[in-house]
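Examining the three-dimensional arrangement
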Amino acid sequence: MRKVTRRLMLLDTASLYFRAYFGVPESVKAPDGTPVNAVRGLLEFIDRLVRDHRPDDLVACMDADWRPHWRVELIPSYKAHRVAEEHEAVPDEEEVPDTLSPQVPVIEDVLDALGIARVGVAGYEADDVIGTFTARAQSPVDIVTGDRDLYQLVDDARGVRVLYPLKGVGTLQLTDEAFLRAKYGVDGPGYADLALLRGDPSDGLPGVPGIGEKTAAKLLAAFGDLAGIMAAVDDPTSKLTPAQRKRLDEARPYVAIAPKVVRVADDVPLPDVDAGLPRTPRDPAALDGLATRWGLGGSLQRLLTTLGA
């Protein structure tokens, strides 16, 4: 009997609805004039992804905490430039366009009514949820994200690849190990070390001063991984330049803590969910109400047709 292999698709939902928001005009509105460009754009994205890639299982992964305290404790600058308001007991408030924020609960309600599994876990980012689903997967995984941080999960042997939107989701960059080696000279785990050394201003990661992307790639090619590079710092016979040795030596405190911040978690306590792609809506009445209230029209109908095909 032939073994049937299921394919899991994981959506970095916030990354995709941000892209939808900026890619679809704000003139796309509900009957009451409220912008729904992110809602309709995300539905169009999901429709195209399901039509083109036919996943068996689909999970919309959410940011229950976009800036977890445990990461900020290690590197206080982590995403600090994107904080709109700091809070003690609850997650910090992220700077989000005024007309996008009200659309996020609508997106959540529509996904729930459709029956598309939606998972966010307190204290973790969507990246961590994706990392844990990927670690537990027994079948191929497609990760759809506009965040290159998740390149670290690429693993040809396990069939894990990243689908990175270049223009909408009609044009996706299929990121596998061959792509990573051609562009960055590293594999999936090597990408996390590369990002750590290079730094990432968009996430407030300082990196090692004086070590850019090309130098980081050369160091990883020469010494294997971050541990190998730091071992070379302690080895007077290694082929580090004096400047590289000095910079890496001075960066030891950062290098010691940054891996926990940069690498996605793979041990998030995930809830039990039915990730199977829904053929019919879970709650048709609620979905009808949402479609009418928010004027979801053809965007929703096309997705329903694709799901039922």
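In what follows, the structure referred to is the one given above.
The following paragraphs examine the structure supplied in this document. The structure presented is a predicted model; accordingly, all values stated were derived computationally and were not measured.

A few points about the packing of aromatic side chains
Inspection of the entire model under this criterion finds eight aromatic pairs. Relative to Phe 18, the ring of Tyr 17 has its centre 5.9 Å away and its plane inclined at 20 degrees; by these criteria the two rings are stacked. Judged by centre distance (4.9 Å) and plane angle (85 degrees), the ring pair of Tyr 21 and Phe 22 falls under edge-to-face. Chaining the aromatic ring pairs together yields one cluster made of Tyr 151, Tyr 164, Phe 179, Tyr 184 and Tyr 191. Over the aromatic face of Tyr 164 sits the side chain of Arg 19, whose NZ or CZ is 5.3 Å from the ring centroid. A cation over an aromatic ring shows up here: Arg 293 above the ring of Trp 294, its NZ or CZ 3.8 Å from the ring centre.

A few points about helix H1 (residues 13-23)
Along H1, the residues classified as buried are Thr 13, Ala 14, Ser 15, Leu 16, Tyr 17, Ala 20 and Tyr 21. On its buried face, H1 is in contact with strand E1 (8-12), helix H2 (37-53), strand E2 (57-61), helix H4 (103-114), strand E6 (141-144) and strand E7 (160-167).

What about the packing of helix H9 (residues 226-234) against helix H10 (residues 242-250)?
Between H9 and H10, the least distance of the axes is 9 Å, while the angle of their chain directions is 110 degrees. If you check the angle between H9 and H10, you find them roughly perpendicular. When you trace H9 past H10, the crossing you get is left-handed. The residues of H10 that touch H9, namely those facing Ile 229, Met 230, Ala 232 and Val 233, are Arg 245, Leu 248 and Asp 249. Looking at the contact of H9 with H10, its residues break down into five nonpolar, no polar and two charged.

Some words on the sheet that holds E7
In spatial order, the strands read E5-E2-E1-E6-E7-E8; together these six strands make up an open sheet with mixed pairing. With partners counted over all chains shown, the strands left at the sheet margins are strand E5 (117-119) and strand E8 (171-175), one partner each. Pairwise comparison of adjacent strand axes, ignoring direction, gives a mean angle of 25 degrees for this sheet. Examined bridge by bridge, E2 and E5 share three bridges and lie parallel to one another. By the bridge assignment, Ala 60 is partnered in E5 with Arg 118. Packed on one face of the sheet, H2 meets E1, E2, E6, E7 and E8 and runs near 155 degrees to E1.

Some details on the packing of H1 against H2
It is the contact of H1 with H2, at a shortest axis distance of 8 Å, that shows an interaxial angle of 115 degrees. Two packed elements cross with a definite hand, and for H1 against H2 that hand is right-handed. Seen from H1, the contacting residues are Thr 13, Leu 16, Tyr 17, Arg 19, Ala 20 and Tyr 21; seen from H2, they are Asn 37, Ala 38, Gly 41, Leu 42 and Phe 45. Grouping the constituent residues of the contact of H1 with H2 by class yields seven nonpolar, three polar and one charged.

Observations concerning the pairing of E6
The two faces of E6 match: Val 141 and Ile 143 on one face and Asp 142 and Val 144 on the other face are all buried. In terms of strand pairing, E1 meets E6 through four bridges, oriented parallel. Each bridged residue has a counterpart across the sheet, and for Met 9 the counterpart in E6 is Asp 142.

Focus on the layout of surface pockets
The calculated volume of the largest pocket comes to roughly 1100 Å³. Elements supplying a minimum of two residues to the lining of the largest pocket: H1, strand E4 (93-94), H4, helix H5 (126-136), helix H7 (188-198) and helix H11 (252-262). Per-element accounting of the lining of the largest pocket gives the leading share, six residues, to H1. Across the lining of the largest pocket, the residue classes break down as 20 nonpolar, six polar and 21 charged.

Quick look at the pattern of salt bridges
Across all of its chains, the model carries 20 salt bridges by this definition. A salt bridge links Glu 44 to Arg 302; the shortest N-O distance between them is 2.6 Å. Of this pair, Glu 44 sits in helix H2 while Arg 302 sits in helix H13 (residues 297-308); the two residues are 258 residues apart in sequence, bridging distant segments of the chain. The salt bridge involving Asp 234 is made with Arg 252; its shortest N-O contact spans 2.5 Å. Of the two residues, Asp 234 sits in helix H9 while Arg 252 sits in helix H11, which places them 18 residues apart along the sequence. For Arg 252, a relative accessible area of 29% gives the class partly exposed.

A look at the side chain of Glu 125
With respect to the helices, strands and loops of the structure, Glu 125 is situated in the loop between E5 and H5. Among the residues examined, Glu 125 registers a relative accessible area of 3% and is labelled buried. A distance of 2.9 Å separates a polar atom in the side chain of Glu 125 from a polar atom in the side chain of Arg 71. A polar contact is formed between the side chain of Glu 125 and the side chain of Lys 79, at a distance of 2.7 Å. For Glu 125, the residues in contact, after removing those within four places along its chain, are Met 62, Asp 63, Asp 65, Trp 66, Pro 68, Arg 71, Tyr 78 and Lys 79.

What counts and what doesn't
- Residues numbered from 1 in each chain as written.
- Predicted model: local features only at pLDDT ≥ 70, side-chain atom pairs only at ≥ 80, totals over all residues.
- Heavy atoms only, no water.
- Phe/Tyr/Trp six-rings, centres within 6.5 Å; stacked < 30°, edge-to-face > 60°.
- Lys NZ or Arg CZ within 6 Å of the ring centre and 35° of its normal.
- Buried < 20%, exposed > 50% of the residue type's maximum accessible area, 1.4 Å probe, protein only.
- Helix = DSSP H or I, 4+ residues; strand = E, 2+ residues; numbered from the N terminus.
- Contact = heavy atoms within 4.5 Å.
- Axes fitted to C-alpha atoms, helices over the stretch in contact; angles between N-to-C directions.
- Parallel < 35°, antiparallel > 145°, perpendicular 65-115°, else oblique.
- Left-handed = near helix turned anticlockwise from the far one by under 90°.
- Nonpolar A, V, L, I, M, F, W, Y, C, P; charged D, E, K, R; others polar.
- Pairing = 2+ DSSP bridges.
- 1 Å grid on protein atoms, 1.4 Å probe; cavity = no way out; pocket = protein on both sides within 12 Å on 5 of 7 lines; lining within 4 Å.
- Points joined across faces, edges and corners; volume = space filled by probe spheres on them.
- Salt bridge = Lys/Arg side-chain N within 4 Å of Asp/Glu carboxyl O.
- Polar contact = N/O pair within 3.5 Å; in protein donor to acceptor, adjacent residues only side chain to side chain.

Any functional reading would require information that these geometric values do not contain.
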